[in-house]
Amino acid sequence: MVSRSYSNLLDLTSCGSPTFGREKKRLPRVATVTGVLSELDDETSNSVGSDAPSSISQERMIIVGNQLPLKAHRKDNGTWDFTWDEDSLLLQLKDGLGDDVETIYIGCLKEEIEPSEQDDVAQFLLDTFKCVPTFLPPELFSKFYLGFCKQHLWPLFHYMLPLSPDLGGRFDRSLWQAYVSVNKIFADKVMEVISPDDDFVWVHDYHLMVLPTFLRKRFNRVRLGFFLHSPFPSSEIYRTLPVRDELLRRGYIGLEYYGRTVSIKILPVGIHIGQLQSVMNLLETESKVAELRNHFRGQTVMLGVDDMDIFKGISLKLLAMEQLLSQHPDKRGKVVLIQIANPARGRGKDVQEVQSETYATVKRINDTFGRSGYTPVILIDTPLQSYERIAYYVIAECCLVTAVRDGMNLIPYEYIICRQGSEKIDEILGINPFTQKKSMLVVSEFIGCSPSLSGAIRVNPWNIDAVAEAMESALIVPESEKQMRHEKHYRYVSTHDVAYWARSFLQDLERACRDHLRRRCWGIGFGLGFRVIALDPNFRKLSVEHIVSAYKRTKHRAILLDYDGTMVQPGSISTTPNAEAVGILNSLCRDTNNCVFIVSGKERKTLNEWFSSCERLGIAAEHGYFVRTSYNAEWEACVSVPDFDWKQIAEPVMQLYMETTDGSNIEAKESALVWNYEYADRDFGSCQAKELFDHLESVLTNEPVSVKSGPNIVEVKPQGVSKGIVAERLLLTKKQKGVIPDFVLCIGDDRSDEDMFEVIMSARASLSPVADVFPCTVGQKPSKAKYYLEDTTEILRMLQGLANASEQPAGSSSHSSH
């Protein structure tokens, strides 16, 4: 049924959600809404903004992130001073959207604004920066950000299981409720400014993973993109989260999801090269480069830049440095590791442990290998200005990024651009400006940018020996190879900057949303179980009166019926046809104007037994491989198959998966093999099915078969076998006999029946020009069918209506002609 309330979701959002006072914002293209959030823009209610034409023809992108790209500073007179945060990725991405795209930002401010000031600040930020601030009470923000985001999501996304209070912490439902509440507040802010049929919405990162659900609940056709800046863990890790399903509904992961095409793409983020270059050209940067060059003259500098947290692998890098100096005495006094440790974004015991271990390891290395004028490891744990960090990049011969788990990590990209230098930097370093630049990278295989850096030395950061060897290799690589590696990296980084990333995302979003306004959307479900299905605008419920009327006035009828899920309820204990269904089929078959077929995936022996009393019923078994036109007719094969030797390859593979998947079985048909996992554990069975599907496709590559997956099954069958060939064969046979059907009814419930729908809807050459065609699926779901009936009960009722029309004493017009 269509959901019209938030149900339990409103209960979640009621805890701690602030109620703001007066509203005096003047918002451009405001969508003002009264009533509940959950009204749907289906055929019974209008989408907000759909009927109001935009006052601006310019495209608009609403960018939603946890924090606004602003810096705030309270001046001595007590007023606030706001400036753009040039380091914010959300600000930098504007370069890729183009001048014709207006951007509006929604997010929190880093500084706390007093409630009495919030209205004035909000109006100023909107007017001046086109920013809409989301004000959160400190207690709610703490539970949301430091609690659920940093205590649950961030560790889990970095493969930390909550095995103890010190490791991620136990799940706290109050923190989850705060997370949902904040996402709801963000949704309200988006609704203040959105024109739903015109604007694009780009939601960023794991802080706002349920925001898209709120937005799509209100605006079914919202043009929405979500970008996750963190690594996503394997299913075995992620499934430990008690609210795993609620979070995954954020972006509807999948390619086809309830009739909507959802695009999923790995799209590496880039850096803002212009900003880096502008900082490189500062006098302060040039002065710092000269200072560092003089300080480390005669030494080779290796550089690490990491946050001080447990995932960046700082201690492992230090141990590798210790091993390098231990195994290569010639490097002592000549090689220096500068480790810049940025403040940790989280807090807790784990951060304290990392700090303690780092300080202790640095002290041990320096005590062991240091001497007057030489400090092997220089740890910088105080905040640096941008120009200072860039100066360290410039002088470093090698950059080490050895995180054990990380997202994109743009440090290597920044390093490459800085090593390209500038005329003034080259002069300070004494480099000929016409000489090719050089750089070396040692990167962890567990960071997101690793696949993009083909010239880097990749390492497993847990393998101390391998990291030490990589560091040594980076130092002794010939100059020409360093230049070649740098050139390769620079070419990629400079052409795949932040603007390229934003532009690519917008293009993908536009492509995915192209058909939004042409689709009819329905909202189904409650709370975070809510989902949107997109159906063809012409898709509607089959009217029994309409089809009976068409049935009565037609002369040559073709009726094709699926069995499981159509004539019998799916999941029924007994799959044998009941007396009612058999009686209806016989009534339809007795009408000589009718050609009735059961088209099933079951084997012919079973169907023969079940429908032995239906002498005039045509049957197609095993999805159309075998066909017989009546009980007394011979079975025929629709597809010529020279041999079934492929079964000897496929069956042992299926046997292996059956033995390791409790509750699964193999169904050996004459033409096909089916692995069924209906009674297996749902999650494990699904994973095994995916693995089996890939395995079978691999071993059967050169065989004349196709591997198909369906509800709880993986099937191997000869190529060309489908229910569609039954429909084609029936219509062709009729045409050859000079009988042109003017009524076609086809009913099915799953993917295999879509082939029949497609055939009868495109078979106009085999049908009467005025033929009534009724492709009908079971239930409201995306389908090639034009009609639907809710369930088996409605289908049998409709078929009974057709049978009654055939048995009326007066008869139909078709009866009177015989």
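Residues numbered from 1 in each chain as written. Predicted model: local features only at pLDDT ≥ 70, side-chain atom pairs only at ≥ 80, totals over all residues. Heavy atoms only, no water.

Visitor: Describe the overall build of the protein chain, naming the residues involved and giving the relevant values.
Guide: Of the regular secondary structure elements, the protein chain holds 27 helices and 30 strands. Across the 818 residues of the protein chain, 54% fall into the buried class. Across the protein chain, every contact between residues at least 6 apart in sequence was considered, and the portion connecting residues at least 24 apart equals 72%. Of the roughly 36,200 Å² of accessible surface on the protein chain, a fraction of 49% belongs to carbon and sulfur atoms. (Helix = DSSP H or I, 4+ residues; strand = E, 2+ residues; numbered from the N terminus. Buried < 20%, exposed > 50% of the residue type's maximum accessible area, 1.4 Å probe, protein only. Contact = heavy atoms within 4.5 Å. Areas by Shrake-Rupley, 256 points an atom, 1.4 Å probe, with all protein chains shown as cover.)

Visitor: A description of helix α9 (residues 273-280) should follow, citing residues and the corresponding values.
Guide: Turning to α9, its buried residues number three or more, namely I273, Q275, L276, V279 and M280. Buried residues of α9 fall within an arc of 165 degrees about the axis and therefore sit on the same side. (Arc of directions from axis to C-beta.)

Visitor: Describe the packing of helix α10 (residues 283-295) against helix α13 (residues 386-395), with residues and values.
Guide: Relative orientation and spacing of two packed helices are given, respectively, by the angle between their axes and the distance between those axes. Look at α10 against α13: their axes get within 9 Å of each other, and the N-to-C directions meet at 45 degrees. Considering their axes alone, α10 and α13 lie oblique with respect to each other. Seen along the crossing, α10 lies across α13 with a hand that is right-handed. Between α10 and α13, the residues in contact are E284, T285, K288, V289, L292 and R293 and Y387, E388, I390, A391, Y392, V394 and I395, respectively. For the contact of α10 with α13, the class distribution of residues is eight nonpolar, one polar and four charged. (Axes fitted to C-alpha atoms, helices over the stretch in contact; angles between N-to-C directions. Parallel < 35°, antiparallel > 145°, perpendicular 65-115°, else oblique. Left-handed = near helix turned anticlockwise from the far one by under 90°. Nonpolar A, V, L, I, M, F, W, Y, C, P; charged D, E, K, R; others polar.)

Visitor: Describe the pattern of salt bridges, listing the residues and the values that go with them.
Guide: Close approach of charged atoms lets side chains of opposite charge pair. Applying the stated criterion to the full structure yields 35 salt bridges. Here K669 and E715 are joined by a salt bridge, their closest N and O atoms 3.8 Å apart. Note that K669 is positioned in the loop between β24 (665-668) and β25 (673-676) and E715 in strand β27 (residues 713-718), a separation of 46 residues in sequence. The residues K669 and E715 share a single accessibility class, namely buried. (Salt bridge = Lys/Arg side-chain N within 4 Å of Asp/Glu carboxyl O.)

Visitor: So what's going on with the side chain of K437? Which residues, and what values?
Guide: Locating K437 in the fold gives a position in the loop between α15 (423-429) and β14 (440-444). A polar contact of 2.7 Å, which involves the side chain of K437, links it to the backbone oxygen of Q420. Setting aside chain neighbours within four positions, we find K437 in contact with R419, Q420, D426, Q483 and H486. (Polar contact = N/O pair within 3.5 Å; in protein donor to acceptor, adjacent residues only side chain to side chain.)

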